[in-house]
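An overview of the molecular structure
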There are 2 protein chains.
Amino acid sequence: MEEIKPVSGVVIRRLPRYYRYLGELLEDGITRISSKELSAKMHVTASQIRQDLNCFGGFGQQGYGYNVEYLHTEIGKILGVNGGRTMIIVGAGNLGKAIAGYGSFKRRGFTLKGIFDVDDKVIGTKIDGITVQHTREMEEFVSRNNIDIAVLTIPKMYAQETADRLIRADIKGIWNFTHKEITAPIEVALENVHMSDSLMTLSCKIGRAGNSDK
Amino acid sequence: MEEIKPVSGVVIRRLPRYYRYLGELLEDGITRISSKELSAKMHVTASQIRQDLNCFGGFGQQGYGYNVEYLHTEIGKILGVNGGRTMIIVGAGNLGKAIAGYGSFKRRGFTLKGIFDVDDKVIGTKIDGITVQHTREMEEFVSRNNIDIAVLTIPKMYAQETADRLIRADIKGIWNFTHKEITAPIEVALENVHMSDSLMTLSCKIGRAGNSDK
């Protein structure tokens, strides 16, 4: 993350997909790909791909295609993959536990440092090797350990209040699963995840064009 | 879902957000909203909103704004909310349990009918009132009960094979959380959820413009 270039939010939102596809190509032993082939795989126009990837200084060579590994590494850097990001999870319910157990986050260099809850029945128990602490310890833990990301998997009525406490403790980003859109100052990165949006999109597609827009 | 109008995938993808915001307005007792106000709330241009909502026959009236409740109901119909959709969950791990417990799906008329797993330790136990069955019962259950949606929360190596079995049993839509992009015939609706995309987007925003694109 040494270089901070201006990249639009829309492009940023497409990068994880590029990163995923390039990772799959690498797994399949593919070392070079043309924008046309990448386009067919990703259901994005080739010109869109060239435009997106040019934002990062254009890793492609005319008529020769992209170096898959190089592109994968460079996009990974931009995404902060293997950048040593630290996380805490606030809310040790089923979703919190599911996230704690995700191997793919660990493989991408996101390290879970703490889990917090208010329920005496789970405080002191271990999830994925980490002892659950009371949320009253949360702010001090975030400050002391310089935590980057807080994952919110708590009931939605506590979402904004908990976010505000984390922001005061200098959290850098909030990954919000509470089904309640929260607000944060511009300097705090925020991703509101609305799982039911995806379910409703699916529901809407049923009986229409099926998966034609994927 | 009586009327099937052609709506582009991009617009469909925005509808759940409209639906959510309109729902929040209703909760706040707001009955009318101009496209300008809706635009400010949703961070979309007013002309984009007018264009999107015109796809559905234009519920707005010049200089008078949108009727929030009417718009909420109509978009809900398009999304299949309260349309009596039935679901099963395949994979009774933490994520499967988290999804089984989501109140917001039930409120929107999605009814969970069955949960399936291969692990003898969970088969026969109850999750949210539903007894977990062996996946060998899955196809017959889907056919017999005319299930609309299967939620996949299984290890990714079983994703495509399980999807294929569900498709042969005439499932209408697959909500795939397996981190493995699966393929399905055009007539089967498909949503691949990649939670790590959202985490990487967040990570990318840290140290950049923060949440400026939300």
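Criteria and cut-off values
- Residues numbered from 1 in each chain as written.
- Chains lettered and ligands numbered in written order.
- Predicted model: local features only at pLDDT ≥ 70, side-chain atom pairs only at ≥ 80, totals over all residues.
- Heavy atoms only, no water.
- Pairing = 2+ DSSP bridges.
- Helix = DSSP H or I, 4+ residues; strand = E, 2+ residues; numbered from the N terminus.
- Contact = heavy atoms within 4.5 Å.
- Axes fitted to C-alpha atoms, helices over the stretch in contact; angles between N-to-C directions.
- Polar contact = N/O pair within 3.5 Å; in protein donor to acceptor, adjacent residues only side chain to side chain.
- Buried < 20%, exposed > 50% of the residue type's maximum accessible area, 1.4 Å probe, protein only.
- Right-handed = clockwise from strand over helix to strand, strands pointing away.
- pLDDT = per-residue confidence, 0-100.
- Salt bridge = Lys/Arg side-chain N within 4 Å of Asp/Glu carboxyl O.

All names here are of chain A. One open sheet accounts for seven strands, arranged β5-β6-β4-β3-β7-β8-β9; its pairing is mixed. Across the chains shown, the open sheet's two edge strands, defined by having one partner strand only, are β5 (126-127) and β9 (189-192). The sheet contact formed by strand β7 (residues 149-152) and strand β8 (residues 173-176) spans four bridges and is parallel. Each residue of the ladder has a partner; that of Val 151, found in β8, is Trp 175. Helix-sheet contacts for helix α8 (residues 159-168) involve β3 (86-90), β7 and β8, and the interaxial angle to β7 is about 170 degrees.

This part is about the side chain of B:Asn192. Note that B:Asn192 resides in strand β9 (residues 189-192). Here the side chain of B:Asn192 touches B:Ile182 through a polar contact of 3.5 Å, landing on its backbone nitrogen.

This paragraph deals with the sheet that holds β9(B). Residues and elements named next belong to chain B. Pairing within the open sheet is mixed, and its seven strands lie in the order β5-β6-β4-β3-β7-β8-β9. Both outer strands of the open sheet, β5 (126-127) and β9, are each paired with one neighbouring strand and no more. The pairing of strand β3 (residues 86-90) with strand β4 (residues 111-117) spans five bridges and is parallel. Among the inter-strand pairings, Thr 86 is bridged to a residue of β4, identified as Thr 111.

Residues in a regular strand project their side chains so that they alternate between the two faces of the sheet. Along β8(A), one buried face is formed by A:Gly173 and A:Trp175 and the opposite face, lined by A:Ile174 and A:Asn176, is buried too. Each parallel crossover has a hand, and for β7(A) linked through α8(A) to β8(A) it is right-handed.

Residues shown with low pLDDT carry predicted positions that ought not to be read at fine detail. Residue and element names in this part refer to chain A. Taken residue by residue, chain A gives an average pLDDT of 86. The fraction at 70 or more is 88%. The weakest mean pLDDT in chain A belongs to helix α6 (residues 103-107) at 79; the strongest belongs to β7 at 98. Reported confidences for the modelled complex are a pTM of 0.82 and an ipTM of 0.82.

Turning our eyes to something else, we now look at the pattern of salt bridges. If you walk through the whole model with that rule in mind, you get 18 salt bridges over all chains. In this structure, the salt-bridge partner of A:Asp128 is A:Lys106, at a minimum N-O distance of 2.8 Å. With A:Asp128 in the loop between β5 and β6 (130-134) and A:Lys106 in helix α6, this residue pair connects regions lying 22 residues apart in the sequence. In this structure, B:Arg20 and A:Glu181 form a salt bridge, with 2.9 Å as the shortest nitrogen-oxygen distance. Taken together, the residues B:Arg20 in helix α1 (residues 9-27) and A:Glu181 in the loop between β8 and β9 connect one chain to another. According to the relative accessible area criterion, B:Arg20 is buried, its value standing at 8%. Beyond isolated ion pairs, a larger network of salt bridges with shared partners links A:Arg20, B:Glu181 and B:Asp197.

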